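Here's the letter readout for the chains.
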Amino acid sequence: MKNKERKGYFGDFGGQYVPETLMSPLEELEKAYLKLSKDTRFKKEVSYWLTNFVGRPTPLYYAKQLTAKTGGAKIYLKREDLTHTGAHKINNALGQALLAKHMGKKRLIAETGAGQHGVATATVAAALGMECIVYMGSVDIERQQPNVQRMKLLGAQVVPVNAGSKTLKDAINEAIRDWVTNIKSSHYLIGSVLGPHPYPTIVRDFQKIIGEEARKQIKQQEGRLPDYLVACVGGGSNSIGLFYDFLKEKKIKIIGVEAGGISIKSGKHAARFAGGRPGILHGTFSYVLQDKYGQITETHSISAGLDYPSIGPEHADLYRSKLVEYTHVTDEEALKAFMLLARTEGIIPALESSHAVAHAVKMAKKLPKNEIIIVNLSGRGDKDLAQAIYHIEKMKL
Amino acid sequence: MSNFSAAFKKSTSAGRPAFMPFLVAGDPDYNTGLAMFKAIVPYADMLEIGFPYSDPLADGPTIQAADERALRSGIDTDKVFSLISEIRSFFKGPISVLVYANLVYQYGIDNFYKQAAKSGIDGVLIPDVPHEESELFVKAAKKHKVSPVFMITQTTTDARLKKILQQAEGYLYLVSVLGVTGSRGSLGKETFDFIKRVKKQTTLPLALGFGISSKEHIDNAAKAGIDGVIVGSAIIKILEANLSNPVQAAKETEAFIKELV
Ligand SMILES: Cc1ncc(COP(=O)(O)O)c(C=O)c1O
């Protein structure tokens, strides 16, 4: 959408396509963020919590056995799975919760797909003494049971959403409806680089630490920068978190991996660039899976965290400008990578992250041994065990 | 004089706010939906018609369910336009539509307004396009002589209101409460203060919507200076309760509206 004077655009993408009620809280959020993000005390506070509560920095781990087994380029894993609560989502949840607290909000609203963002938000809400309500599609509640139990234990209220596809998209609708109703008391803590401005920028800023750490770590371990970066892309927060600090490095090839589901041809997937076109969903103009008239279509992925019909607007811009290449991996390939990493490295990855691992292995095979790939291992797979084992048996993998 | 100002003038001189019922086009299907419109037009000064959408995030459960029913029956943007053309043949008052941004964008913004004008639509309201993002939409609206209608809420500051008033035509849609559409028990003092605040700043007619479901709501809003009322979820609930018997649905709706106007 050509609207260049407007703020909150990444090239043609982004903006604020929201009901009028939300415009003033968005402005309030933007002002508070601009002020606090420059405030040394606030930065120290975030950094204190990241070190002592989240467990940062996370290691950059050379996957030696996986590299040997693959027989090509060196594969490094950025271990976001080792953060408290087990996924990168906590970097953003913590930052936004501290921001909300400074704004005088007492209640956090979150949506969740895989449940990792819901768990992260419930966790920081408990730690900071805030109220927490999490919207979750009933399909996702079914397939991510352990995380539902964790959220409840942490004191959050988990509200099942039965509308539409009963997944992440519908949970976001419900979270926004709650926010419209409770803007005075509540902060909407969105879990990815999605939604209206300023969210895509705020979430990216809280996640970019992943890439900043990885840069230092790879320099220490290899004495140079990597040749490739690979991350899975749901809304796009773990990927932009890894990529952002490297975008200016023209020699590094950066690849985002979407959910290819069953296949692109079958329509059962969540690959927005392969199957979608520009449109508006949840407050932002980006690539969207939709029918001819613009009705949002149902997506499919074995991984709840990637099962979403749109993608962060900054990714849409990176796709257009070709600074990042986007590809996709099927359910079956992801499940195979899930097993492979468990057996070769003793690491059980989240099904989301398994998409990135699958693509990295595919690439590494064709690359010389002196090249380096960094894969963002965005989360751990404990939450996925029941689902993964069920599908592995069903597909006879 | 635009169709809107003539209609508001008429109701004002009759000493009552204009009555503007809202239905989702094609709920629960094209023909039943059309019959519902036929039942309500004798009581309507204006009509508001919703384009069903898969993700109506400004709407509560009643309108969401209506959207789902209409979509399941196979309604699409082109069919909504032809339904409205049919309604035009038996209803002369202003017709305003409520449509989410992505449907307009995918139809082609200019093409959407062109088709809207051709179908006899007087005003287009897009609940997820605030004035900051409205440039292309307003441009197309003006080109095709369709009024760009805007929503304002209790959180709209006077500074924002001023900017919205520079673009708004037809009427201003005042959202009665913080929240989504759906019928509510009572309207509070904030709603009436809100109407009075806006009234001081514009001569554009003001229509109140979201949660209006009783004669008492309407009378109180009229006292605060409202020029029109939009009643949606309360009517759709009657339809929802009588889906297996459309004739009964129309009859009960008529009886309900008679109590309101
Ligand atoms: C472990 C993990 N990785 C990735 C994602 C996908 O989200 P994003 O693309 O925002 O990183 C999720 C979302 O739930 C997740 O839990």
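All values derive from a computational prediction rather than experimental measurement.

Moving on to the overall build of chain B. What chain B contains, in helices and strands, is 12 helices and eight strands. The C-alpha radius of gyration computed for chain B amounts to 17 Å, which stays within 12% of the reference 18 Å derived for 261 residues, consistent with globular compactness. The dimensions of chain B, computed from C-alpha atoms along their principal axes, are 45 × 40 × 35 Å. Taken across its 261 residues, chain B has 64% of its residues classed as buried.

Residues and elements named next belong to chain A. As a matter of local geometry, the ligand sits amid 19 residues, with S192, G234, G236, S237 and S378 nearest to it. Taking H88, its side chain carries an N or O atom lying 3.0 Å from an oxygen atom of the ligand. Within the side chain of S192, a nitrogen or oxygen atom sits 2.5 Å from an oxygen atom of the ligand. Burial of the ligand by the surrounding chains reaches 97%, relative to a free accessible area of 400 Å². Looking at the shell around the ligand residue by residue, the classes come out as six nonpolar, 11 polar and two charged.

To continue, consider the confidence of the model for chain B. Averaged over every residue, the pLDDT of chain B is 96; the share at 70 or more is 100%. Among the scores for the predicted complex, ipTM is 0.97 and pTM is 0.97.

Attention now goes to the packing of helix α4 (residues 89–102) of chain A against helix α5 (residues 116–128) of chain A. Residues and elements named next belong to chain A. For the pair α4 and α5, interaxial distance at closest approach is 9 Å and the crossing angle is 40 degrees. With respect to α5, the element α4 is oriented oblique. In the packing of α4 onto α5, the handedness of the crossing is right-handed. Contact with α4, carried on its side by K89, I90, N92, A93, L94, A97, L98 and K101, involves Q116, H117, A120, T121, T123, V124 and L128 of α5 and no other residues of that element. A class-by-class count of the residues in the contact of α4 with α5 yields eight nonpolar, five polar and two charged.

Another point: the interface of chain A and chain B. Frequently, the measure chosen for interface size is the accessible area removed from exposure when the parts meet. Each side of the interface is counted separately: chain A has 40 residues, and chain B has 40 residues. It is A:E20, A:R177 and A:Y293 in chain A that bury the most area against chain B; as a group they hold 25% of the surface buried on that side. On inspection of chain A and its partner chain B, the count reaches two salt bridges. Between A:K169 and B:D55 there is a salt bridge, with its nearest N and O atoms 2.8 Å apart. Mapped onto the side of chain A that touches chain B, the elements with two or more residues apiece are β2 (13–17), α1 (23–36), α8 (168–181) and β11 (277–281) of chain A. No other element matches α8(A), which puts eight residues into the side of chain A that touches chain B. Within the side of chain A that touches chain B, the residues separate by chemical class into 16 nonpolar, 13 polar and 11 charged.

What follows concerns the pairing of strand β8 (residues 228–231) of chain B. Residues and elements named next belong to chain B. Side-chain alternation along β8 places G228 and I230 on one buried face and V229 and V231 on a second face that is also buried. Where strand β1 (residues 18–24) and β8 come together, four bridges link them in parallel fashion. Note that in β8 the partner of P21 across the bridge is V231. Sheet topology note: the strand β7 (residues 206–209)/β8 ladder contains two bridges and is parallel. Considered in β8, the bridge of A207 is made with G228. The parallel pair β7 and β8, bridged by helix α10 (residues 215–223), forms a crossover whose chirality is right-handed.

This part takes up the pattern of salt bridges. Residues and elements named next belong to chain A. Scanning the entire structure with this criterion turns up 41 salt bridges over all chains. Measuring nitrogen to oxygen at the nearest pair gives 2.8 Å for the salt bridge that ties D307 to R143. Residue D307 is found in the loop between β12 (283–288) and α13 (313–320), and its partner R143 is found in helix α6 (residues 138–143); the two are separated by 164 residues along the sequence. Just as D307 is buried, R143 falls in that class too. The residue D245 makes a salt bridge to K248 at a minimum N-O spacing of 3.9 Å. Relative accessible area serves as the criterion here: at 57%, K248 is assigned to the exposed category. Taken together, the shared-partner salt bridges in this structure form one network comprising R56, K78, E80 and E213.

All names here are of chain A. Where helix α16 (residues 385–394) is concerned, the buried positions are Q387, A388, H391 and I392. Buried residues of α16, viewed axially, fall in a sector of 125 degrees; they line one side. Counted as exposed and oriented over 90 degrees from the buried face of α16: A386, E393 and K394. A positive phi of about 55 degrees marks K396, the residue just after α16.

On to the sheet that holds strand β8 (residues 186–188) of chain A. All names here are of chain A. Overall, parallel pairing links the four strands, which are arranged β7-β6-β5-β8 in an open sheet. Both edges of this open sheet fall to β7 (157–161) and β8, since each of them pairs with a single strand only. Sheet twist, expressed as the mean angle between neighbouring strand axes with direction ignored, is 25 degrees.

Our next topic: α13(A). If you check which residues of α13(A) are buried, you get A:P313, A:E314, A:H315, A:A316 and A:L318. Just past α13(A), the residue A:K322 takes up positive phi, approximately 65 degrees.

Take unusual backbone geometry next. In this model, A:R56 is joined to A:P57 through a cis peptide bond whose omega is 0 degrees. Counting through the fold element by element, A:P57 comes out in the loop between α2 (40–54) and β3 (60–62). B:P28 follows B:D27 through a cis peptide bond whose omega is -5 degrees. Examined against the element boundaries, B:P28 turns out to sit in the loop between β1 and α2 (30–40). A positive phi angle, close to 65 degrees, is found at A:K322, a residue other than glycine. The phi dihedral of B:F210 falls on the positive side, at around 85 degrees, and the residue is not glycine. Residue position: B:F210 is located in the loop between β7 and α10. Given a relative accessible area of 7%, B:F210 falls into the buried group.

Conventions adopted
Residues numbered from 1 in each chain as written. Chains lettered and ligands numbered in written order. Predicted model: local features only at pLDDT ≥ 70, side-chain atom pairs only at ≥ 80, totals over all residues. Heavy atoms only, no water. Helix = DSSP H or I, 4+ residues; strand = E, 2+ residues; numbered from the N terminus. Rg over C-alpha atoms; globule rule 2.2 N^0.38 Å. Buried < 20%, exposed > 50% of the residue type's maximum accessible area, 1.4 Å probe, protein only. Near = heavy atom within 4 Å. Polar contact = N/O pair within 3.5 Å; in protein donor to acceptor, adjacent residues only side chain to side chain. Areas by Shrake-Rupley, 256 points an atom, 1.4 Å probe, with all protein chains shown as cover. Nonpolar A, V, L, I, M, F, W, Y, C, P; charged D, E, K, R; others polar. pLDDT = per-residue confidence, 0-100. Axes fitted to C-alpha atoms, helices over the stretch in contact; angles between N-to-C directions. Parallel < 35°, antiparallel > 145°, perpendicular 65-115°, else oblique. Left-handed = near helix turned anticlockwise from the far one by under 90°. Contact = heavy atoms within 4.5 Å. Buried area = accessible area lost by both parts, 1.4 Å probe. Salt bridge = Lys/Arg side-chain N within 4 Å of Asp/Glu carboxyl O. Pairing = 2+ DSSP bridges. Right-handed = clockwise from strand over helix to strand, strands pointing away. Arc of directions from axis to C-beta.

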